[in-house]
Amino acid sequence: MSVNAGLAHVSTDFMIAALLIYSLALLAFAGDYAFGRPRRRAAMLAAKPAADRAAQLATVGAAPASATPAGVVVDGPESGASESNEAQGPGSNATAPAAAAGPGNPIGGAAARPVRPAGAFRAIAEAGPWVRAAATLSAIGILAHVIAVTTRGFAVHRAPWGDMYEFITALTCVAAIFFYYILVKYRAWAIGVFVMGAIVIALGLAETLIYTPAGPLVPALQSYWLSIHVTAMTLSSGIFFVAAVLGIMYIVAERYRKRVAAGKAEPNPLLDRIPSGAQLDKLTYRAVVFGFPIWTFGVMAGAIWADQAWGRYWGWDPVETWAFITWVIYAAYLHARATGGWRGIRSHYIQLLGFASLLTNIFVIQIFVTGLHSYAGVQ
Amino acid sequence: MTDVHSTTSKAAPASEAADLDREATRPFGTGPAEAAESGSGGAPGGSATGAGWGRWAWRQLTSMRTALILLFLLALGSVPGSILPQQGSDPASVTQYFTSHPALAPWLNRLGLFNVFAAPWFAAIYILLFASLVGCVVPRTFKLVGSARTPPPRAPRNLTRLPQSVTYPSALPPDAAVDAAATVLGGQRFRLRRPAAGDAGHWLAAEKGYLREVGNLLFHLSLLGVLLSIALGGLFGYKADELVTEGQTFSDTTAQLAEFHPGRLVSGSDLAQFSLTLDKFTANYINSGASIGQPAEFNANVSYTTTPGGATKTDSIQVNHPLSVDSVKVYLIGHGYAPEFTVRGRGGVAYQEATPFIPANTNTMLSDGVVKAPSASLGFEGVFVPTAYMAGGTTLESIFPAANNPEVSLIGYSGNLGLNSGAPQSIYQLDTSQMTEIAGGPHLMTPGSTWTLPGKLGSITYDGTKQWVSLAITYDPGQIPALVCGILAIAGLLLSFFVRRRRVFVRALPGPDGVGSVVTVGGLTRTDASGGFEDEFANLAVDIADASSPSSPSSPSSPTAGPAASDDHQKPEPNNQSETGA
Amino acid sequence: MVFKAKRRTVVTTAAAVVVLLVAALVVTVFTHGNSSSASDDGNMVAYPAGHRPAAPDFAATSLTGAPINFASYRGKIVVLNVWGSWCAPCVGEGQTLKYLDEEYGPKGIAFLGDDIQDTPADALAFLRSAGITYPSVNDANGAVEQRLAIAVPISATPTTLVIDKTGHVAGVIEGAVTYPDMTTLLNDAAVTQ
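Everything in this summary refers to the structure shown in the same document. Please read these numbers as outputs of a predicted model, since none were measured by experiment.

Calculation criteria
Counting restarts for each chain, with residues numbered from 1 along the sequence as it is written. In the order they appear in the text, chains get letters beginning with A and ligands get numbers beginning with 1. Two thresholds apply to this predicted model, a pLDDT of at least 70 for residue-level local features and 80 or more for giving and counting side-chain atom pairs, whereas whole-chain, interface and lining totals are computed over all residues. Here a strand is any run of E in DSSP of at least two residues, a helix any run of H or I of at least four, and the numbering for each starts at the N terminus. A residue is called partly exposed when the number of other C-beta atoms within 10 Å of its own lies between 12 and 20, exposed at 12 or fewer, and buried at 20 or more, with C-beta atoms placed from the backbone. Contact definition: two residues whose C-beta atoms, as placed from backbone geometry, lie within 7 Å. For two strands to count as paired, DSSP must find a minimum of two bridges between them. Axis definition: a line fit to C-alpha positions, over the contact stretch in the case of helices; interaxial angles, taken between N-to-C directions, run 0 to 180 degrees. Structurally, a nonpolar core is described as a collection of buried Ala, Val, Leu, Ile, Met, Phe, Trp, Tyr and Cys residues joined by way of C-beta atoms within 7 Å. When an angle is under 35 degrees it counts as roughly parallel; over 145 it counts as roughly antiparallel; between 65 and 115 it counts as roughly perpendicular; any other value is oblique. Residues are grouped as follows: Ala, Val, Leu, Ile, Met, Phe, Trp, Tyr, Cys and Pro are nonpolar; Asp, Glu, Lys and Arg are charged; every other residue, Gly included, is polar.

Side note on the overall build of chain B
In terms of helices and strands, chain B carries 11 helices and 24 strands. Scored against the burial criterion, the 582 residues of chain B give a buried share of 47%. Relative to all contacts within chain B whose residues are 6 or more apart in sequence, the contacts with residues 24 or more apart total 66%.

Some words on the environment of A:Ala323
Residues and elements named next belong to chain A. Along the chain, Ala323 falls in helix H12 (residues 318-336). We classify Ala323 as buried; it has 22 C-beta atoms within 10 Å. Considered as a pair, Ala323 and Ile140 are 183 residues apart in the sequence and their alpha carbons are 33 Å apart. Among residues more than four places away in sequence, those in contact with Ala323 are Val299, Gly302 and Asn361.

Points about the sheet that holds strand S2 (residues 191-193) of chain B
Residues and elements named next belong to chain B. The sheet built from 5 strands is open, its strands ordered S1-S24-S23-S3-S2 with antiparallel pairing. Whereas interior strands pair on both sides, the edge strands pair on one side only; in this sheet they are strand S1 (164-170) and S2. With strand direction ignored, the average angle separating the axes of adjacent strands in the sheet is 15°. The sheet contact formed by S1 and strand S24 (residues 517-525) spans 7 bridges and is antiparallel. Residue Gln164 lies in a different strand from S24, and its bridge partner there is Gly523.

Some thoughts on the nonpolar core
The nonpolar side chains of a soluble globular protein tend to be buried with one another. Counting 246 residues, the largest nonpolar core has A:Tyr22, A:Ile239, A:Val242, A:Leu246 and A:Val328 as the members making the most contacts within it. Here the element with the most residues in this core is helix H11 (residues 277-310) of chain A; it accounts for 19 residues. In contact with A:Val242, other than residues within four places in its own chain, are A:Ala175, A:Phe178, A:Phe179, A:Val195 and A:Ala287. By size, the runner-up hydrophobic cluster in this structure holds 33 residues, among which are B:Ala155, B:Val178, B:Ala180 and B:Ala508.

Overview of the sheet that holds strand S8 (residues 295-305) of chain B
Residue and element names in this part refer to chain B. Strand order in the open sheet made by the 4 strands is S5-S7-S8-S9, with antiparallel pairing throughout. The open sheet is flanked by strand S5 (249-251) and strand S9 (312-317), the only strands paired with a single partner. The mean inter-strand angle of the sheet, taken between neighbouring strand axes irrespective of direction, is 25°. One ladder, built from 6 bridges, connects S8 with S9; its direction is antiparallel. Bridge pairing in S9 links Val302 to Asp315.

Describing the packing of H11(A) against helix H10 (residues 479-498) of chain B
For the pair H11(A) and H10(B), interaxial distance at closest approach is 10 Å and the crossing angle is 170°. Our classification of the angle between H11(A) and H10(B) gives roughly antiparallel. When H11(A) is examined against H10(B), the residues A:Val289, A:Pro293, A:Thr296, A:Phe297, A:Met300 and A:Asp307 are found in contact with a partner set consisting of B:Gln479, B:Gly486, B:Ile490, B:Leu493, B:Leu494 and B:Phe497. Considering only residue class, the contact of H11(A) with H10(B) consists of 8 nonpolar, 3 polar and 1 charged.

Some details on the pairing of strand S3 (residues 202-208) of chain B
All names here are of chain B. Of all 7 residues that make up S3, 7 are buried, and the element is covered over most of its length. On S3, burial covers both faces: His202, Leu204, Ala206 and Lys208 on one face and Trp203, Ala205 and Glu207 on the other are all buried. Bridge count between S2 and S3: 3 bridges; the pairing is antiparallel. Bridging across to S3, Leu192 finds its partner in Ala206.

Digging into the pairing of strand S22 (residues 458-475) of chain B
All names here are of chain B. Sheet analysis places strand S4 (residues 238-245) next to S22, joined by 8 bridges and oriented antiparallel. What sits directly across from Leu243, in S22, is Ser470. When strand S11 (residues 328-345) meets S22, the two strands line up antiparallel, connected through 15 bridges. Residue pairing across strands places Ala338 opposite Lys466, the latter belonging to S22.

What to know about unusual backbone geometry
In terms of backbone geometry, most residues other than glycine have negative phi values and most peptide bonds are trans. Cis geometry is adopted by the peptide bond preceding C:Pro158, which originates at C:Thr157 and carries an omega value of 0°. By secondary structure assignment, the location of C:Pro158 is in the loop between helix H4 (143-151) and strand S7 (159-163). The backbone of A:Arg187 sits at a positive phi, close to 50°, despite the residue not being glycine. Within the element layout of this structure, A:Arg187 appears in the loop between helix H7 (164-185) and helix H8 (192-209). At A:Trp316, a position not held by glycine, the phi torsion is positive, near 55°. Relative to the elements of secondary structure, A:Trp316 occurs in the loop between H11 and H12.

These figures capture arrangement, not role.
In structure tokens, the structure reads:
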């Protein structure tokens, strides 16, 4: 079957549209980061009874009261407690007494009955105009991106990840969807500007530098295993992409906070607003936990496909080897989180090393090292 | 993943309450002795005996930190294996590397960097890693079995010190409230523990999520299974290559196979006894559009027998569609052109064969080859182009990989081909050291033409063009076990990530004025990779509260003792209090 | 007892070296067996009488189209040479085999070739130039060689089998034959229980 050029054009148009909409969402996230969060925090503090607030500040302990890093969950200083959690022991349940439904709930009052967790979309609605705009724009952008990817698939009559351009655009689509998921589940508005920024950059580079016209696949790739193996690698790469962005945020924030605490640097209002290290660490861990099994499955599916195509399920082909290296490094990250002395910033270095290995695999090994895997399609 | 050796229980005041708290919150699945160990290990006991050293060394090996270092080494060690040419997959490139890096290559060779994945130092890394794995996993299996037998710990006295807790009033008396909680938790398949008869308090302990550790162990043991499956294939399996031209047949014997790489315990008589004929090979290329020249389809039609003299079957082998014969698989790996030549010398026909030419460029299929006719003392080096085009009028090039306009250009030699010495020669290379070049070359020929050589040396005719395929024949008994272990590994991974080991405790104290009760529900989870315990706890708390059918929401509660923070510990959204060192 | 960090490092390194040596041993035990390649001058395997594998019977066609029935060779000692005109060592041993044929043929020893992976034109051209007159099976599809390989390990080309009068394989030479090796095998083959 020949390539449907009309649909291919539609795909490219939607891809550019997604890029533009993501850029607008990025602006909205930036607006929230700069203007929306301080307003929310002030409203939160005003709603608490003074006694509760005093109690909270007392138990927050080491966290600097003036520039308390707002939590991922609800931006209020309560997440500062989680940072100094270990010092206080589990007793410091100085959490936001207010439900995510926003200020105005009765808080601090004794003996209220347990209530179910509030819904996510209500939380978005209550979080302010910037967040509402950003969330809506992100959703529309994702829709456009998904349409772009699927129309490309229909244009070429196969799964739309057969060359490097398609792989990158699909990867960023997965990253955007996964980002939206954690945005909503963990109310993580503050990471929006960084993750969406990274997605915009990646997608923009893909469109401008490695765009490949839609074309059929070489016979070696004509197998249903394409749908399975490359899909899994695309999914996990998109998730690891988000984890990497969060890891960079963690490292930047932690180093900044250490320098400020040691008096070596001035507090910077923008950097202060990066979510707390504990929150970022938790989100990164959860992202890797999602991505690692999918990567493992992708490597296995690749091995099954390699056996079908090349006669052996593992031959230390350069791309296979680097997929293995990436797997081992992410495994090291997971082990590091359970090893004394390797938690914290060191584990994030490992995680970023893993993502660097992933990028090396895509951009260096597939293009420059000859092997059975050279299907980049890049001229 | 939980670290067996990590410690999270902080120093607590020496009191029974604190003991209970510590018991309830200590790392799941470990006893107090293990909880005191740290990952870095200490001195090997008070004595310097061999057993002491051995134990210390073993503890070092099975520690998390060693595993981490070995993982790094494994990743690092694989890097040269992907960048430098490797003997196992591309020996020609290795030879080329020696010629282009004459000083560096021998040193790299001594370090084993041209065959990294078979090198002893690489084996040492993964053997150590798996030894560490086994040494860690086996004791944990016993601990898991033990912990599955022991009931959950008693409920701590002060549940508000747990990472998640909720307190609310209930109209039911304490024992009924706890019973109601037990019904809810039991319905959610928690393992329950009630106070023994004669125990004064009303409490309930519940635990769930043992599958998490099962998954963890399953994953690690499955990795070991994969390693053993690979070893199985390495011992009993074999790989072979063969090049077959259209019309040719070969049988699966070591003498007839171009290359044969047996496993350690494999001998020639273990080979499957099939024979295979290449009837026809078709290659289709895209002939228009942006992807012109790209291969669209390869199809090798073959006939084969599974036993000598058995019935002949036909099939087609394509890329991604190997032929399965008698537990052996035959794969289509490569293809090329084999122009047919007839060489005539003084004694008559000296050579008549379709000669495989090897592609130098897989995009255009421009190919090199050699014709050896020793009985006429003639040899030819040739370049074959499937679709000929004379670039600049002088250089022969191929502009399309299909045989639309085949031509061959030959340089002839006459003399001694060197075969009589008996030393092995590549059939794709001509040794011209004892030969003289024949005038008139390079001589361009189209199909059907003849080049009559000067000096009555003879003639060579280009009869036509056939195609050849290269096939890979593999037998790997470890393949299916490796697949099964891989699937089990993923199952174990998912279990260990998405099941959380958690404990929920309920305590009911008599309410104010002896009416009703005040119920406190507390919970903690040791590792919560996927998150969500906060939501689960919040929902459980609501279910338990509903089951205890409380009185009006506005009735005051007597706050239980605890820090100054509010008693009203509702957890409407996830809070990372539970990440105590995880 | 207090352990200095340095001593711990030394012990760890020593342990690592020991394990590395063990691993090297393990790997050499489990690495792949010998791959086949073009053979050099022959390994000879002789089977004592009574322990000789039976050579299979086969019916085939010679390079000139004449029928060959191996069963009809029973009662004679047979030198069966697996060869191809494309194989340099086969070309090299051709003269030796021709000489042996001239010497032992009159004494009743039969010589038969098994020409594999070859075309009749190429093979006949070689035989003509080498002056070899004994017949060879046209085994282009390798069927006869496969049956031989089932009976007796044949690893490469050329391989020469010496078969005794009862139809059992008395010896095998892998690689090009030499006159002394062949003489030894022929004498062994003459001994049958």
